[in-house]
Amino acid sequence: MQALEHFPPTRETGLDRLAQFVPRAGKDYQTNRNFDLGSGAHDHVSQLSPYFRTRLVTEEEALRAVLEEHSRSAAGKFIDEMFWRTYSKGWLEMRPTVWSAYKGERDQAWDDVQTQSGLRQEWEAACRGETGIECFDHWAHELVETGYLHNHARMWFASIWMFTLRLPWALGADFFLRHLCDGDPASNTLGWRWVGGLHTPDKTYLARASNIRKYTNERFHPKYQLAGEAAPVDGTPNPERMAPPEGDTPDRERRTVLLLHEDDCAPGWMLEDGPAPVATATLDATGGISHLEPAPHVKAFRDGALADAVAQHGDVLGPVTYALDSASAIAAWAREHGAEQIVTSYPPVGPAADIIAGIDEVPVIRRLRPFDARAWPYATAGFFKFKDKIPKLLGALKGVEVA
Ligand SMILES: Cc1cc2nc3c(=O)[nH]c(=O)nc-3n(C[C@H](O)[C@H](O)[C@H](O)COP(=O)(O)OP(=O)(O)OC[C@H]3O[C@@H](n4cnc5c(N)ncnc54)[C@H](O)[C@@H]3O)c2cc1C
């Protein structure tokens, strides 16, 4: 599996990659990050997203490492990009119906694919990289083979999918989630909605041949092949925002089991100050990614990340049960161990949270990381409002409050 050769799902690989990237996180990143030089040459960006997605490496660790070597202003661009991830998670957390609406829109579009043969052929051609638009076809192959796409390629791809090929946006988001090693309900849903003019109402992103030519170093130039305009796509408007989650506190006196899931494969913080588990299980939430099978490397990356989390902390986890994939299986396992509470890291909106929400026989304690608890409530509107809070969030991170 080519993707896993490039993204071995271990914390050690993630930390090594971070250490190698840190010297490039300042001016080099700021100047060159928008260039997509092709698979095997994405050296101007970190390619750390699969590790942040599973928290094999945490955002805090990356920000600390970068700030040890660069000033806040020198690394400003990289820090902002890191906080796009945090912003997206907080934004969706306060508007969870955007995820359920996405699933509904995807299912509707899938019904259409099955009943309209023209649409089916166009969707298949796009997924197979057989549209005749060379750059788009290249990115479809790169995604399927490597489990990764550069950010600029994701923007161009999504724009061509929606505005040139005129395919339903939710099927494009689904194609990404099934193949990206970093496939993330928040970043992906917001990314597609942003390009399509749903996140920032009426503001769409139009891929232009000249921009693609410049930022692919002239590898591609789809002149006269792309749509010249981009009217916002149909989709659920942004809903009213709910209160941000607060997280629960475990009762140290209660018999506890620990549930690990794909959104947090660094459980050390819960083990340090929480009750010792009598047993641990891992959750396999990959069945909730799509109505179609996800790519084998996506499942292998998530399984590997969870196995690595177990390997890091194996001496304090008790007996480990792997790959429970439903609320009823988790409840039965917890009862088997006489558990009075299931402690887990707060699962952000997505497939793991969908399964955990169904557990009703044993109390579930969702522990919210202080980093998320501090940052998420600021995702009240657009990123630029959130961005004003970054100095304060960085201050808290370093133990220094900055006004
Ligand atoms: C249509 C679309 C779909 C996307 N789907 C996903 C997804 O499923 N999962 C995902 O992690 N990111 C997604 N992104 C955001 C972004 O493209 C990737 O995070 C980034 O390309 C990952 O590569 P990197 O680690 O080399 O990034 P770097 O440039 O090195 O950035 C460092 C980190 O900052 C975060 N980051 C950077 N840009 C963004 C962004 N625009 N939004 C959110 N976080 C960001 C990521 O965690 C990334 O690892 C999507 C963007 C678009 C436009």
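Residues numbered from 1 in each chain as written. Predicted model: local features only at pLDDT ≥ 70, side-chain atom pairs only at ≥ 80, totals over all residues.

1. Details of the UniProt feature "binding site: FAD" (unreviewed entry) in the chain
So, point 1. UniProt feature "binding site: FAD" (unreviewed entry): in the numbering of this structure it lies at Tyr29, Phe78, Asp182, Gly183 and Asp184. The named residues occupy 156 residues along the chain; their greatest pairwise C-alpha distance, 22.9 Å, places them well apart from one another.
So, point 2. When you line up the elements, Tyr29 lands in helix H3 (residues 27–32).
So, point 3. For Tyr29, a count of 22 C-beta atoms within 10 Å translates into the label buried.
So, point 4. Residues in contact with Tyr29, not counting those within four places in the same chain, are Arg24, His44, Lys77 and Phe78.
So, point 5. Position of Phe78 relative to the elements: it lies in helix H6 (residues 76–93).
So, point 6. Residue Phe78 is classed as buried on the basis of its C-beta count, with 24 C-beta atoms lying within 10 Å.
So, point 7. With residues near it in sequence (within four places) discarded, Phe78 still touches Ala25, Tyr29 and Val66. (UniProt positions renumbered as here; feature names shortened; annotations may be inferred. Helix = DSSP H or I, 4+ residues; strand = E, 2+ residues; numbered from the N terminus. Buried ≥ 20, exposed ≤ 12 C-beta atoms within 10 Å, placed from the backbone. Contact = placed C-beta atoms within 7 Å.)

2. Looking at the UniProt feature "domain: Cryptochrome/DNA photolyase FAD-binding" (unreviewed entry) in the chain
So, point 1. Feature annotation in UniProt places "domain: Cryptochrome/DNA photolyase FAD-binding" (unreviewed entry) on residues 78–215, given in this structure's numbering.
So, point 2. Measuring from the first to the last C-alpha atom of residues 78–215 gives 18 Å, for a span that is 75% helix and 0% strand.

3. Re the site of the ligand
So, point 1. Close contacts around the ligand come from 28 residues, with Ser46, Ser49, Ser187, Asn188 and Gly191 the closest.
So, point 2. Elements that contribute at least two residues to the shell around the ligand include exactly helix H4 (49–53), H6, helix H10 (151–164) and helix H12 (185–195).
So, point 3. Its residues placed into classes, the shell around the ligand shows 11 nonpolar, 10 polar and seven charged.
So, point 4. Here the shell around the ligand spans two domains, and each of domain 1 (2–93 + 375–397) and domain 2 (98–215) adds at least three residues to it. (Near = placed C-beta within 6 Å. Nonpolar A, V, L, I, M, F, W, Y, C, P; charged D, E, K, R; others polar. Domains from an automatic or database assignment.)

4. As for the domain arrangement of the chain
So, point 1. Partitioning the chain into structural domains gives domain 1 (2–93 + 375–397), domain 2 (98–215) and domain 3 (256–368).
So, point 2. If you average the C-alpha positions of domain 1 and of domain 3, the two centres end up 25 Å apart.
So, point 3. Each side of the interface is counted separately: domain 1 has 14 residues, and domain 3 has 15 residues.
So, point 4. Of all elements in the fold, only helix H1 (2–6) and H6 reach the threshold of two or more residues within the side of domain 1 that touches domain 3.
So, point 5. Examining the composition of the side of domain 1 that touches domain 3, we find that three residues originate from one element, H6, more than from any other.
So, point 6. Each residue belonging to the side of domain 1 that touches domain 3 can be placed in one class, and the counts come to seven nonpolar, three polar and four charged.

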